[in-house]
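# Per-entry structural report
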Amino acid sequence: MALQRQQQPGIAARPARNDAALAWLLLAGLTLACGHGSVRGQPAGSPAAGIYTCIDDKGRLRTADRLIADCSDREQRVLNKDGSVKRIVPPILTAEERAEREAQARKEFEEKAAYNDAVRRDRNLKNRYPNEATHNKARESALEAVRTSMRASAQRIKDLETERKPLQDEADFYRGRQLPSRLKQQLEANETSAAAQRELMQTQESELLRVNRIYDLELEHLRKLWKGAPPGSISLVSAPVAQTEPR
């Protein structure tokens, strides 16, 4: 009986030691779980950043608690704890791929801007010229401005010819002899002015053709708009006209 009483405490002590060991293991496991549950850059106990998942180039499903290097060339899904998609990480591009994508984006932006400009231009054009009569009136106004300049040049040439006649008569008096320097300078100035006016008239004649050509192209464009072509849907070939009055 004494032996049994001495052994009884030893038997009862085993469960107590087992319970203490089990508690220690649970505590260690909880600490380890918290350590693994923390995401790079986040302290333990903070919300997890999510689970990264992707299908690699061999068709295998890959998961990790951070970006997956083997899937850098494809998109990766970041999942919440419940498996729902939190966000999608696009592929990590090389420098060449990034430059190509930026160039494409820039091209698309420029095309959109050009289209918007074309729409705005066509709308303004239709508002300015609601019919062919208003356009013809604007053409005549622009042409008349050039013709007025041409008439002024022609008149100036006539005036220079009138001014030259007495100078030429005086120069005939000195035929075979050296002209006085005053007379020589007057004749040269007269000829220089006349040559400048003749050159100006040639430029004005070219301008007359240019203005007509521009209005021809613009009228062709307007006729398509008047028939119902959507603004911005057709290209305008003509260049802006040098304005002599608000259009």
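Our structure is the block above this text.
Before going further, it helps to spend a moment on the packing of aromatic side chains. Taken as a whole and assessed by the stated rule, the structure comprises one aromatic pair. Between Phe173 and Tyr174 the ring centres are 5.3 Å apart and the planes differ by 85°, which places this aromatic pair in the edge-to-face class. Residue class for Phe173 comes out exposed when judged on its relative accessible area of 58%. On the accessibility criterion, Tyr174 (22% relative accessible area) is partly exposed. The ring of Phe173 has Arg177 lying over it, and the distance from NZ or CZ to the ring centre is 5.2 Å.

Here the focus is helix α3 (residues 132–173). Each α-helix winds once per 3.6 residues, and so residues spaced three or four apart point in a common direction. For α3, built from 42 residues, the straight-helix expectation of 62 Å at 1.5 Å per residue is met to within 8% by its first-to-last C-alpha distance of 62 Å. Along α3, the largest kink reaches about 30° and is centred on Lys165; proline Pro166 follows within four residues of it. Buried residues of α3: His135, Ala138, Arg139, Ala142, Leu143, Val146, Met150, Ser153, Ile157, Leu160, Leu167 and Ala171, and no others. The inward-facing, buried residues of α3 contact α4 (181–226). At the N-terminal boundary of α3, the capping side chain belongs to Asn131, with an oxygen 3.2 Å from the backbone nitrogen of Ala133.

This next bit is on helix α2 (residues 95–128). Spanning 34 residues, α2 covers 49 Å between terminal C-alpha atoms, matching the ideal 50 Å at 1.5 Å per step. Along α2, the positions that sit buried rather than exposed are Ala118, Val119, Asp122 and Leu125.

Two elements in contact, α3 and α4, have axes whose closest approach is 9 Å; the angle formed by their N-to-C orientations is 170°. Relative to α4, the element α3 lies roughly antiparallel. Residue classes in the contact of α3 with α4 are distributed as 21 nonpolar, ten polar and 15 charged.

All right, on to the sheet that holds strand β1 (residues 51–55) then. Across the sheet, four strands lie side by side as β2-β1-β3-β4; this open sheet has antiparallel pairing. Pairing within the sheet leaves two strands with one partner each, and these edge strands are β2 (61–64) and β4 (85–89). Direction aside, the axes of adjacent strands within the sheet are offset by 25° on average. In the sheet, β1 pairs with β2 via four bridges, with the strands oriented antiparallel. Bridged to Ile55 within β2 is Leu61.

For the rest of this paragraph, the subject is the state of the cysteines. Applying the stated criterion across every chain yields a total of one disulfide. The disulfide bridge from Cys54 ends at Cys71, spanning 1.9 Å between sulfur atoms. Here Cys54 and Cys71 share a disulfide; its torsion about the S-S bond, 65°, makes the bridge right-handed. Pair noted here: Cys54 is in strand β1 and Cys71 is in the loop between β2 and β3 (76–79), with a separation of 17 residues, a long-range link.

Once that is clear, we can look at the nonpolar core. Among the nonpolar cores identified, the biggest contains eleven residues, and these are Leu125, Tyr129, Ala138, Ala142, Leu143, Val146, Met150, Val211, Tyr215, Leu222 and Leu225. Contributing elements (two or more residues each) for this core: α3 and α4. Top element by residues in this core is α3. It accounts for five residues. Setting aside anything within four residues of it in sequence, one finds Leu125 in contact with Glu218, His221 and Leu222. Counting six residues, the second-largest nonpolar core is a separate cluster that includes Tyr52, Cys54, Cys71 and Val89.

Take His135: it is sitting in helix α3. You can call His135 buried: its relative accessible area is 0%. Apart from the residues within four sequence positions on either side, His135 is in contact with Tyr129, Tyr215, Glu218, Leu219 and Leu222.

Summarising the sheet, β1 and β3 pair through three bridges and their orientation is antiparallel. For Thr53, the partnering residue across the bridge sits in β3 and is Arg77. Hairpin connection, β1 to β2: the antiparallel pair is bridged by five residues, and Gly59 has positive phi, about 80°.

Basis of the calculations
- Residues numbered from 1 in each chain as written.
- Predicted model: local features only at pLDDT ≥ 70, side-chain atom pairs only at ≥ 80, totals over all residues.
- Heavy atoms only, no water.
- Phe/Tyr/Trp six-rings, centres within 6.5 Å; stacked < 30°, edge-to-face > 60°.
- Buried < 20%, exposed > 50% of the residue type's maximum accessible area, 1.4 Å probe, protein only.
- Lys NZ or Arg CZ within 6 Å of the ring centre and 35° of its normal.
- Helix = DSSP H or I, 4+ residues; strand = E, 2+ residues; numbered from the N terminus.
- Expected span 1.5 Å × (residues − 1).
- Bend = angle between axes of the 7 residues up to and from the residue.
- Contact = heavy atoms within 4.5 Å.
- Polar contact = N/O pair within 3.5 Å; in protein donor to acceptor, adjacent residues only side chain to side chain.
- Axes fitted to C-alpha atoms, helices over the stretch in contact; angles between N-to-C directions.
- Parallel < 35°, antiparallel > 145°, perpendicular 65-115°, else oblique.
- Nonpolar A, V, L, I, M, F, W, Y, C, P; charged D, E, K, R; others polar.
- Pairing = 2+ DSSP bridges.
- Disulfide = S-S within 2.5 Å.
- Core = buried A, V, L, I, M, F, W, Y, C linked by side-chain atoms within 4.5 Å.

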